[in-house]
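Examination of the molecular architecture
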Amino acid sequence: MSAHQLAFLVLGVLILVSALMVVTVRNLVHAALFLILCFAGVAGLYVLLQAEFLAVAQVLIYIGAITVLILFGIMLTRKITGGAQPPLASHWKAAGAGAGAFLLLLLYVAMTGQWQVSDQPPMDSTTTLGLALVTRYVLPFELASVVLLAALVGAVLLARDETR
Amino acid sequence: MNLPITLTGIVEGALAPLGLQGLTPLVVYLLDALIILLLLIMPVVTILIWLLRKMLGFIQRRLGPMRVGPFGVLQTIADAVKLFHKEDLFPANADRVVFALAPFLVFVPAVLVYVVIPFGQGDGFVTKDLSVGLVYLTAVTSISAIGIITAGWSSDNKWSLLGGLRSAAQLVSYELPMTLALLGPPLMAGTLSLSGIVAAQQSVWFVVPQALGFLIYFIAALAEIAHLPFDLPEAESELVAGYNVEYSGMRFGLFFLGEFANSFTICLVATVLFLGGWHLPFLGGLPLTSWQTGLATVATMALLGGGIWYLNWRRAGWTSATRWHWLGYVSAAILAAIVLVAGLVGFISVVITLVKTSLLVFVLMWLRGTLPRVRVDQLMSFGWKALVPLGLVNFLALAFQAATGIPTGWVLNLLFFVFVGWLLLFAWRKRWAYSAVS
């Protein structure tokens, strides 16, 4: 077993265990912290795949921004001590069915798909990624920015003081 | 004369007889980490804390630490020893695991940043020159917010929690203008690698066309590290000490170390991105091996050292200054000899980078000694209504220039002066807050 495979195994176990802890642990702040661990593991996978930009973006966006917002949200809405919450919400059956179906779909694609494997390391993934975003994938890119703008405007509208 | 001694070479030479060449990269990275931690962060932080206390003393017309060692230089070490001896307290209702973990979440990112920072010219002075260095930098610095929030929450103390919440809001708000300002240098250099950005500043430092971006970055970075005037997360007079109020011993020490490492980091990043890194002013074309460059470096350092010594003499008088000033001369002479005789390329470039960084650190301490703390509403409105629009304009103008070739630098520099004028006007109107209460 090469070091590469060992790293993959360690990261995989880390991701799975921490993801499991996120949905089973009773303390919401602990769940958020396990989520960070899970995201960090995914970033590690990207590093293994030599997609450094993706790895760094994963840390920047998911760990640095989204989890901070989640923690911020938890602390603003829950009591200070956090307290024990029921770990599974009432819709867990439907959610489980959806997630299970998605897992089956993923497994099907992974098993039957024709995967192209390249031996050469990518030249400069950042440049390629940037060019692809403004040429081939310009429509989804612009759509995503419009969605984000709409969310921003919506947040301002919700938070606005109506009495003024 | 460029000596071919690199860490990789030494390690490989040592491991080859044992038949362990395969481990070279791993050992080199471990050694790099140790070097950064033990030879850079610890001494720098130790010196910075002492310097800060001396500077604040100077500003407040007192001597600062004087007891331990000459001019009190060993005071920080004494404090560190004291911290190690203190009891590691846990509050009764604290979330023990999270409470124990939080200081590391603040300290480790503060150290991780140094992986990509080029201290000098050449591969020997950067641990790993990532092609996405700048994004890595922003990503890693953003992790420490989690440490601060969880520290505040796990202490089960209302002041800690308030400090943590304030810090979360502040970090999220000021990350935006900081990132917008950071977009300037890579846009002009055409690369995200920090070494590449420094290399692109050979003729003109980016602070000249990007004065606005530099100012936005510096202000936003001050808020990111919770430095005065934006130290609301740990406002002593409002929250006791904010998120770290329940911490004691070395866990508190880790927060402290992280904080000072961060203030050194933002100055280092500003140097690398905007102040030309290892390039000398007006001498960018000269090769760093030439004796002129060495002489210019030594002269600059002598000027700086002499200035600082003069200030100290003015402050403390001959009685305390004369006894130890020969130490300064001797060290300066040794340094000059090394620079001139050996002419090591990297060494000179590291010295230049560190001198520039120290000047920025001086500005930081100066601000800390002079500015009052802003209010929460002022903090938010300044971030969102002043810095974010300015950052957007700055970025859009640069992108416009890059796309069309029409120069937009004069617009940005005009904006810079308007912004500085507005800040000065604000300070003038609030001058009662800056005057000493006596």
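Residues numbered from 1 in each chain as written. Chains lettered and ligands numbered in written order. Predicted model: local features only at pLDDT ≥ 70, side-chain atom pairs only at ≥ 80, totals over all residues. Heavy atoms only, no water.

Turning to the packing of helix H15 (residues 376-404) of chain B against helix H16 (residues 409-429) of chain B, a few remarks are in order. All names here are of chain B. Interaxial distance between H15 and H16 falls to 10 Å at its minimum, and their mutual angle equals 165°. Classified by the interaxial angle, the pair formed by H15 and H16 is roughly antiparallel. Here H15 runs over H16; the crossing is left-handed. Residue-level inspection shows Phe382, Ala386, Leu387, Leu390, Val393, Asn394, Ala397, Leu398 and Gln401 of H15 in contact with H16, the latter providing Gly409, Leu412, Leu415, Phe419, Trp422 and Leu423. Class assignment for the residues of the contact of H15 with H16 results in 12 nonpolar, three polar and no charged. (Axes fitted to C-alpha atoms, helices over the stretch in contact; angles between N-to-C directions. Helix = DSSP H or I, 4+ residues; strand = E, 2+ residues; numbered from the N terminus. Parallel < 35°, antiparallel > 145°, perpendicular 65-115°, else oblique. Left-handed = near helix turned anticlockwise from the far one by under 90°. Contact = heavy atoms within 4.5 Å. Nonpolar A, V, L, I, M, F, W, Y, C, P; charged D, E, K, R; others polar.)

The next thing to look at is the packing of helix H4 (residues 96-112) of chain B against helix H5 (residues 133-154) of chain B. Residues and elements named next belong to chain B. Look at H4 against H5: their axes get within 8 Å of each other, and the N-to-C directions meet at 160°. By the angle class used here, H4 and H5 are roughly antiparallel. You can see that H4 and H5 cross each other, and the crossing is left-handed. Taken together, the residues of H5 that come into contact with H4 (itself represented by Val98, Phe99, Ala102, Leu105, Val106, Pro109 and Leu112) are Tyr136, Val140, Ile143, Ser144, Ile146, Gly147, Ile148, Thr150, Ala151, Trp153 and Ser154. For the contact of H4 with H5, a count of residues per class yields 14 nonpolar, four polar and no charged.

Now for empty space enclosed by the protein. Under the defined criterion, the tally for this structure stands at three cavities of 30 Å³ or more. When its volume is computed, the largest cavity comes out at roughly 310 Å³. Taken together, 25 residues line the largest cavity, and the ones lying closest to its centre are Thr141, Ser144, Glu224, Ile225 and Asn262 of chain B. Elements that contribute at least two residues to the lining of the largest cavity include exactly H4, H5, helix H6 (158-182), helix H9 (211-224) and helix H11 (249-273) of chain B. Around the second largest cavity sit Gly64 and Val68 of chain A together with Thr141, Ser142, Ser144, Ala145, Leu171, Val172, Glu175 and Glu224 of chain B, which together line it. Elements with a contribution of two residues or more to the lining of the second largest cavity: helix H3 (52-77) of chain A together with H5 and H6 of chain B. The dominant element in the lining of the second largest cavity, judged by the number of residues it contributes, is H5 of chain B, at four residues. Across the lining of the second largest cavity, the residue classes break down as four nonpolar, four polar and two charged. (1 Å grid on protein atoms, 1.4 Å probe; cavity = no way out; pocket = protein on both sides within 12 Å on 5 of 7 lines; lining within 4 Å. Points joined across faces, edges and corners; volume = space filled by probe spheres on them.)

A few words now on a nonpolar patch on the surface. Side chains of Phe102, Leu105, Leu106, Tyr108, Val109, Trp115 and Val117 of chain A sit close together on the surface and give an oily, nonpolar patch of about 830 Å² of accessible area. In this structure, Leu106 of chain A sits in helix H4 (residues 92-112). (Patch = residues over 30% accessible without salt bridge, like charges linked within 9 Å, V, L, I, M, F, W, Y side chains within 5 Å. Areas by Shrake-Rupley, 256 points an atom, 1.4 Å probe, with all protein chains shown as cover. Salt bridge = Lys/Arg side-chain N within 4 Å of Asp/Glu carboxyl O.)

A separate point is the interface of chain A and chain B. Each partner contributes residues to the interface: chain A has 23 residues there, and chain B has 24 residues. In total, about 2,200 Å² of surface goes out of reach between chain A and chain B, with carbon and sulfur atoms giving 82% of it. On the surface where chain A and chain B come into contact, there are zero salt bridges. Applying the counting criterion to the chain A and chain B interface returns zero residue pairs in polar contact (both at pLDDT 80 or more). Looking at the side of chain A that touches chain B, the elements that each hand over two or more residues are helix H2 (28-48) and H3 of chain A. By residue number, the principal contributor to the side of chain A that touches chain B is H3 of chain A, which donates 13 residues. (Buried area = accessible area lost by both parts, 1.4 Å probe. Polar contact = N/O pair within 3.5 Å; in protein donor to acceptor, adjacent residues only side chain to side chain.)

Let's shift gears to the packing of aromatic side chains. In this structure the tally under the stated criterion is 16 aromatic pairs over all chains. Ring centres of Phe39 of chain A and Tyr62 of chain A lie 5.0 Å apart, and the angle between their planes is 50°; this geometry places the pair in the tilted category. Of this pair, Phe39 of chain A sits in helix H2 while Tyr62 of chain A sits in helix H3, and the two are 23 residues apart along the sequence. The interplanar angle of 5° and the centroid separation of 4.1 Å between the aromatic rings of Phe99 of chain B and Tyr247 of chain B together place this pair among those described as stacked. Residue Phe99 of chain B is located in helix H4, and its partner Tyr247 of chain B is located in the loop between helix H10 (236-239) and H11; the two are separated by 148 residues in the primary sequence. The structure contains a cluster of three or more aromatic residues connected by ring pairs, namely Phe90, Phe99, Tyr247 and Phe255 of chain B. The residue whose ring lies beneath Lys356 of chain B is Trp205 of chain B, and the NZ or CZ to ring-centre distance is 4.0 Å. (Phe/Tyr/Trp six-rings, centres within 6.5 Å; stacked < 30°, edge-to-face > 60°. Lys NZ or Arg CZ within 6 Å of the ring centre and 35° of its normal.)

Residues and elements named next belong to chain B. Counting residues in each nonpolar core, the largest one holds 105 residues, and the members touching the most others are Ile117, Leu194, Tyr217 and Phe230. Counting only domains with at least three residues in this core, you end up with domain 1 (1-82) and domain 2 (86-277 + 386-420). Beyond its immediate stretch of four places on either side in the chain, Tyr217 contacts Met178, Ala181, Leu182, Ile266, Val269, Ala270 and Phe274. The next biggest cluster of nonpolar side chains, apart from the first, holds nine residues, and it includes Phe99, Ala102, Ile148 and Tyr243. (Core = buried A, V, L, I, M, F, W, Y, C linked by side-chain atoms within 4.5 Å. Buried < 20%, exposed > 50% of the residue type's maximum accessible area, 1.4 Å probe, protein only. Domains from an automatic or database assignment.)

Take the confidence of the model for chain B next. Residues and elements named next belong to chain B. Per-residue confidence for chain B gives a mean pLDDT of 77, with 79% of residues at or over 70. Averaged over each element, pLDDT in chain B is lowest for helix H13 (residues 325-342) (63) and highest for H9 (89). Across the predicted assembly, pTM comes out at 0.81 and ipTM at 0.79. (pLDDT = per-residue confidence, 0-100.)

Residue and element names in this part refer to chain B. Counting across every chain of the model gives two salt bridges over all chains. In this structure, the salt-bridge partner of Arg53 is Asp79, at a minimum N-O distance of 3.0 Å. Of this pair, Arg53 sits in helix H2 (residues 24-59) while Asp79 sits in helix H3 (residues 75-85), placing them 26 residues apart in sequence. A salt bridge links Arg375 to Asp377; the nearest nitrogen and oxygen atoms lie 3.0 Å apart. For Asp377, a relative accessible area of 43% puts it in the partly exposed group.

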